[in-house]
Amino acid sequence: MRKISMVDLKSQYEKIKPEIDKSISGVIDTTSFINGPAVKEFQTALEKYLGVKHVIPCANGTDALQISMMALGLKPGDEVIAPSFTFIATAEVIAVLGLTPVLVDVEPDTFNISPEAILKAITPRTKAIVPVHLFGQTADMDAIMEIAKKHNLFVIEDACQSIGSDYQNASGEWKKSGTIGHVGCTSFFPSKNLGCYGDGGAIFTNDDQLAAKMRSIVNHGMTVRYYHDDIGVNSRLDSIQAAVLNVKLKHLDEYALARQQVAAAYDKAFKDQPELTVPARFIRSTHVFHQYTLLVKGVDRNKLPEFMATKDIPAMIYYPVPIHLQKAYLDPRYQSGDFPVTEDLCSSVISLPMHTEMDAEQLNYITSSVLEYLKGPRK
Ligand SMILES: *Cc1c(COP(=O)(O)O)cnc(C)c1O
């Protein structure tokens, strides 16, 4: 049996090696390493795939979030609502820009931001909401957009884990995750669903003016060379990463299908176990399974990763500590117990290996190992 990893990038590369190698050496041959034709090609292809007017490539998903907030003109003192159950980058950029992160709880079934909690957190200083489409399915965007409209707020979608997932709104229209709010952000970190071979990210919007501002900000606030109309940053997607993405974007839907098949096999093996809750599917969204995350109750969740390690199977806890209890983010506004759903998730979630190259033998070995733990004396 092939060694099991959380994400098997090596086996994936082996299948597309000729295409990838050719695409990368194409960039090296022309030496257009910064903003070369590969970047423009990727931008256009991604705009088409997402059905969005503008894609602005940038250096990583964290920058994508930061640049969005800069372009929207958010200022110190402005409040930005974000879930406490997410990867740190979501709240980090809010803090880095001197804005005030206002954390809220999530839904117990989908793990995504709770619209009800958003409503309760709104004050006269609130300027934006950052829904995170956690683990690969889209948050309740109808409810979020309605709140945003009513309270005149910007919506910045953190689609770093959900690229390719489809959302159906109440009028029946399908939209790609990240193209519903004012701005959407994604990451091409290698282990993400559309991962490059280093760091990368992109911002999406249908707003021409905002797009122009963001294109300027990613490149030192410059539209005409050496004339700086905005305070910007240096955050470009490099051409070699774009070359990798040009190949992998063509495979994205097939990769999502492979992940969904792994999820279906996990569901089948675990759905009747009283100690496990398989991931709920939000009716309005497809799920692209950036992670397959179980809830573990009634057995020791914390010893499960150790047990899996003895079988040479990785298992990860995303995320063990909510943002409001992270040392750097401690704030008198928040105490332990404030976000009961988030805190409960942090003590009961576990993510199993999830990638595009899993075979039946590996799946069988993973599921039987989890079932063995449930039956075992470790209870
Ligand atoms: C990965 C991720 C980011 C940050 O992306 P980077 O490319 O690593 O900077 C932000 N938010 C979420 C939810 C993520 O999963």
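Scoring rules and cut-offs
Residues numbered from 1 in each chain as written. Predicted model: local features only at pLDDT ≥ 70, side-chain atom pairs only at ≥ 80, totals over all residues. Heavy atoms only, no water. Near = heavy atom within 4 Å. Polar contact = N/O pair within 3.5 Å; in protein donor to acceptor, adjacent residues only side chain to side chain. Areas by Shrake-Rupley, 256 points an atom, 1.4 Å probe, with all protein chains shown as cover. Helix = DSSP H or I, 4+ residues; strand = E, 2+ residues; numbered from the N terminus. Nonpolar A, V, L, I, M, F, W, Y, C, P; charged D, E, K, R; others polar. Expected span 1.5 Å × (residues − 1). Buried < 20%, exposed > 50% of the residue type's maximum accessible area, 1.4 Å probe, protein only. Arc of directions from axis to C-beta. Domains from an automatic or database assignment. Contact = heavy atoms within 4.5 Å. Buried area = accessible area lost by both parts, 1.4 Å probe. Salt bridge = Lys/Arg side-chain N within 4 Å of Asp/Glu carboxyl O.

## Some points on the site of the ligand
Step number 1: Inspection of the region around the ligand gives 14 residues, with Gly61, Thr62, Asp158, Ser187 and Lys192 positioned closest.
Step number 2: At a separation of 2.8 Å, an oxygen atom of the ligand approaches a polar backbone atom of glycine 61.
Step number 3: In this structure, glutamine 161 approaches the ligand through a side-chain N or O atom, which is 2.8 Å from an oxygen atom.
Step number 4: Contact with the protein chains removes 92% of the 380 Å² of surface that the ligand exposes when unbound.
Step number 5: Elements with a contribution of two residues or more to the shell around the ligand: helix H3 (61-71) and helix H4 (89-96).
Step number 6: Across the shell around the ligand, the residue classes break down as four nonpolar, eight polar and two charged.

## Things to note about unusual backbone geometry
Step number 1: For the bond from tyrosine 318 to tyrosine 319, the omega torsion is 5°, close enough to zero to count as cis.
Step number 2: The backbone of phenylalanine 111 shows a phi angle near 70°, a positive value even though the residue is not glycine.
Step number 3: The topology assignment puts phenylalanine 111 in the loop between strand E3 (100-104) and helix H5 (115-121).
Step number 4: At phenylalanine 135, a position not held by glycine, the phi torsion is positive, near 65°.
Step number 5: Relative to the elements of secondary structure, phenylalanine 135 occurs in the loop between strand E4 (126-129) and helix H6 (141-151).

## What about helix H2 (residues 37-50)?
Step number 1: End to end, H2 covers 20 Å across 14 residues, agreeing with the expected 20 Å (1.5 Å per residue, within 8%).
Step number 2: Here H2 has its buried residues at Ala38, Val39, Phe42, Gln43, Leu46, Glu47, Tyr49 and Leu50. Each buried residue of H2 lies within a common arc of 170° when the element is viewed along its axis, so the set occupies one face. Turned more than 90 degrees off the buried face of H2, the exposed positions are Pro37, Lys40 and Lys48.
Step number 3: Just beyond H2, the residue with positive phi is glycine 51, at close to 65°.

## Let's talk about the domain arrangement of the chain
Step number 1: What the domain assignment reports for the chain is domain 1 (9-105 + 112-249) and domain 2 (252-374).
Step number 2: The C-alpha centroid of domain 2 is placed 24 Å from the C-alpha centroid of domain 1.
Step number 3: Between domain 1 and domain 2, the residue contacts involve 45 residues of the former and 34 residues of the latter.
Step number 4: Here domain 1 meets domain 2 over a buried area of about 3400 Å², counting both sides, of which 56% is carbon and sulfur.
Step number 5: On the surface where domain 1 and domain 2 come into contact, there are two salt bridges.
Step number 6: With its nearest N and O atoms 2.5 Å apart, the salt bridge here joins glutamate 357 to lysine 15.
Step number 7: Only helix H1 (9-30), H4, E3, strand E6 (166-168) and helix H8 (239-249) provide two or more residues apiece to the side of domain 1 that touches domain 2.
Step number 8: Counting residues per element, the side of domain 1 that touches domain 2 draws most heavily on E3, at five residues.
Step number 9: Across the side of domain 1 that touches domain 2, the residue classes tally to 21 nonpolar, 16 polar and eight charged.

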